[in-house]
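Examining the three-dimensional arrangement
Here is how the chains run, residue by residue.
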Amino acid sequence: MKKWIKIIITIVLLAGVGYWLYEKYKPKPELPVEIPPPITFDVTQETMTQTIQVKGKSVYTDQTDVFAPYASSIKQWHVKSGDQVKKGDILFTLDTTAQQTEVQQLESDLEKARLDYELNQVSVEQAGMTETLGVTEEERKKAFVEREGKRLTSELSQKALVLKEQEIQKKKEVMSKAVVYASASGIFQMNDEDSKTRAVTEGQVIGSITNTSKLKFMTIVGEEEMFRLKVGMPVQVRMTAQKDLEFTGKVSKVSKFARKSTDTDLKQASQFDVVIDLKPDAKMFGGVSLEGDIETTRKDKATVVSSIAVMRDQTEPYVLLDKGNGQTEPLTIKAGMESGDKTEVLSGLKPGDVVVIP
């Protein structure tokens, strides 16, 4: 009896182990495959633009040089380098000591020349009153020569007086320029700090006045971009160091001549200078690195769709139009300009349509 009990227990244990192994290793039924929903894109109406990206620097372009009107030394400075000045402000005063001495000497010479001229005139008049014509032809010729000599001497003396007067006038005009005024408004910058004490020569550039409200964005473009640019195109500008600061400008010049560094090297692509006028802004300074987007094309109220929804594996581009209830229809379109991740649709779709990527 005990033997049969052992056999039954063994069979039960084997059956239990077998069932456990079956349940663990039996093939599991495959789960139903979930089909992901299609990706859809709305067809919209918006403004599309095409741009050319450029890099360069800001440059002050309105600078007025300050010259020394005559050779002298600077007697007094009325401004410092870096000061803001207005048109008409006094910048500096030149020493006039040497010029005053010259004028005094010239005036003394002029006075003496006038006295000599007047004495000569008296002598000529007296000679005319007592002049004898002479008896012989030789005597008459001699009298004529003397008379003409005195007349010519008088005329030369009179012209010399006029020249001396003119010379004095010119010296005085020079002296009147001793006070040098600002011919424009802006920041005055001295060329050399030593100018405060040292002598200057006539026409020497002492400094300059920079109009900080007039800035230009100087950049360079390749020959392909050059043909797309026109004067007047709007530009969105950013500082390279502070991209959160945005500025605006317009293209004011597109050079028609390649830069000399590229026009002689046949292997190097030609480059052209482009000038962009910046709108005045207190946050903009000269000499900083800039980036800009020049708007070359703009189209308002364009029908637009995402570029990844446009398929081009056939002769003409097409999209899958969403017909609803999971139904789609291939639809040929006519594509226009592209900008970023958007494509303009010239025909085939209208705003409000929905396209699908399977």
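What you see is a predicted model; the values in this text were computed from it and never measured. (Residues numbered from 1 in each chain as written. Predicted model: local features only at pLDDT ≥ 70, side-chain atom pairs only at ≥ 80, totals over all residues. Heavy atoms only, no water.)

**Section: the overall build of the chain**
Along the backbone of the chain there are 5 helices and 20 strands. Relative to all contacts within the chain whose residues are 6 or more apart in sequence, the contacts with residues 24 or more apart total 74%. Summing over all exposed atoms, the chain offers an accessible surface of approximately 24700 Å²; the carbon and sulfur share of this is 55%. (Helix = DSSP H or I, 4+ residues; strand = E, 2+ residues; numbered from the N terminus. Contact = heavy atoms within 4.5 Å. Areas by Shrake-Rupley, 256 points an atom, 1.4 Å probe, with all protein chains shown as cover.)

**Regarding the nonpolar core**
Counting residues in hydrophobic clusters, the biggest one holds 22 residues, and the most contacted among them are Leu-229, Val-251 and Ile-294. When residues of this core are assigned to their parent elements, the largest contribution, 4 residues, is made by strand 14 (residues 271–278). Discounting residues that sit within four places of it in the chain, Ile-294 has contacts with Gln-50, Thr-51, Ile-52, Val-54, Leu-229, Met-233, Pro-234, Val-235, Val-251 and Ile-276. One finds Val-66, Val-79, Phe-92 and Ala-182 within the second-largest nonpolar core, a separate group that totals 18 residues. (Core = buried A, V, L, I, M, F, W, Y, C linked by side-chain atoms within 4.5 Å. Buried < 20%, exposed > 50% of the residue type's maximum accessible area, 1.4 Å probe, protein only.)

**Examining the pairing of strand 20 (residues 354–357)**
Where strand 1 (residues 39–42) lies against strand 20, 4 bridges are found, and the strand directions are antiparallel. From the neighbouring strand, Thr-40 faces strand 20, where its bridge partner is Val-356. With 2 bridges connecting them, strand 16 (residues 318–324) and strand 20 associate as antiparallel partners. Bridging from a neighbouring strand, Leu-321 pairs with Val-355 of strand 20. (Pairing = 2+ DSSP bridges.)

**Some words on the pattern of salt bridges**
Inspection of the entire model under this criterion finds 14 salt bridges. Two residues, Arg-298 and Glu-295, come together in a salt bridge whose shortest N-O distance is 3.1 Å. The buried category is assigned to Glu-295, whose relative accessible area is 19%. The closest approach of N and O atoms between Lys-350 and Asp-353, which form a salt bridge, is 3.2 Å. Among the residues examined, Lys-350 registers a relative accessible area of 52% and is labelled exposed. Through salt bridges that share partners, Arg-238, Lys-243, Glu-291 and Asp-293 make up one connected network. (Salt bridge = Lys/Arg side-chain N within 4 Å of Asp/Glu carboxyl O.)

**Observations concerning the side chain of Thr-219**
Along the polypeptide, Thr-219 turns up in strand 11 (residues 215–222). A polar side-chain atom of Thr-219 sits 2.6 Å from the main-chain carbonyl oxygen of Lys-55. With sequence-adjacent residues up to four places away left out, Thr-219 is seen in contact with Val-54, Lys-55, Gly-56, Phe-272, Asp-273, Val-274 and Ile-276. (Polar contact = N/O pair within 3.5 Å; in protein donor to acceptor, adjacent residues only side chain to side chain.)

**Let's talk about the environment of Val-231**
As for its placement among the helices and strands, Val-231 is situated in the loop between helix 4 (223–226) and strand 12 (234–239). The spacing of Val-231 and Lys-253 is 22 residues in sequence and 5.9 Å in space, taken between C-alpha atoms. Contact partners of Val-231, with chain neighbours within four places excluded, come to Val-251, Ser-252 and Lys-253.

**Looking at the packing of aromatic side chains**
To describe a pair of aromatic rings, you give the distance between the ring centres and the angle between the ring planes. Tallying each qualifying case throughout the model produces 2 aromatic pairs. Arranged with centres 5.0 Å apart and planes meeting at 50°, the rings of Trp-77 and Phe-92 form a pair that is tilted. Taken as a pair, Trp-77 in strand 4 (residues 72–77) and Phe-92 in strand 6 (residues 90–94) lie far apart in primary sequence, 15 residues in all. For the pair Trp-77 and Phe-92, a shared accessibility class is recorded, and that class is buried. Pairing Trp-77 with Phe-188 gives two aromatic rings, centres 5.9 Å apart and planes at 40°, and the pair type is tilted. Of this pair, Trp-77 sits in strand 4 while Phe-188 is found in strand 8 (residues 186–190), placing the two residues 111 residues apart along the sequence. Judged by relative accessible area, Phe-188 falls into the buried class, the value being 0%. Here a set of aromatic residues connected by ring pairs shows up, and it is made of Trp-77, Phe-92 and Phe-188. (Phe/Tyr/Trp six-rings, centres within 6.5 Å; stacked < 30°, edge-to-face > 60°.)

**A few points about the environment of Ile-168**
Within the secondary structure layout, Ile-168 lies in helix 3 (residues 137–175). Relative accessible area serves as the criterion here: at 6%, Ile-168 is assigned to the buried category. Along the primary structure Ile-168 and Glu-102 are separated by 66 residues, whereas in three dimensions their C-alpha atoms are 8.6 Å apart.

**Some remarks on the sheet that holds strand 7 (residues 179–181)**
If you walk across this open sheet you meet the 4 strands as 7-6-4-9, and the pairing is antiparallel. One side of each edge strand has no neighbouring strand; the edge strands of this open sheet are strand 7 and strand 9 (199–200).

**Thoughts on the sheet that holds strand 17 (residues 327–332)**
In space, the 4 strands of this open sheet follow the order 1-20-16-17, with antiparallel pairing throughout. Two strands close off the open sheet at either side, each with one partner strand: strand 1 and strand 17. Sheet twist, expressed as the mean angle between neighbouring strand axes with direction ignored, is 45°. In this structure, strand 16 lies alongside strand 17, joined through 6 bridges in antiparallel fashion. Paired with Tyr-318 across the bridge in strand 17 is Thr-332. (Axes fitted to C-alpha atoms, helices over the stretch in contact; angles between N-to-C directions.)

**Re the pairing of strand 19 (residues 342–347)**
In the case of a regular strand, side chains alternate between the two sheet surfaces. One ladder, built from 3 bridges, connects strand 15 (residues 289–306) with strand 19; its direction is antiparallel. When the bridges of strand 19 are listed, Val-304 appears paired with Glu-344. Relative to strand 19, strand 18 (residues 334–339) runs antiparallel, the two being bridged by 4 bridges. Pairing of Ser-339 across the sheet is with Lys-342, part of strand 19.

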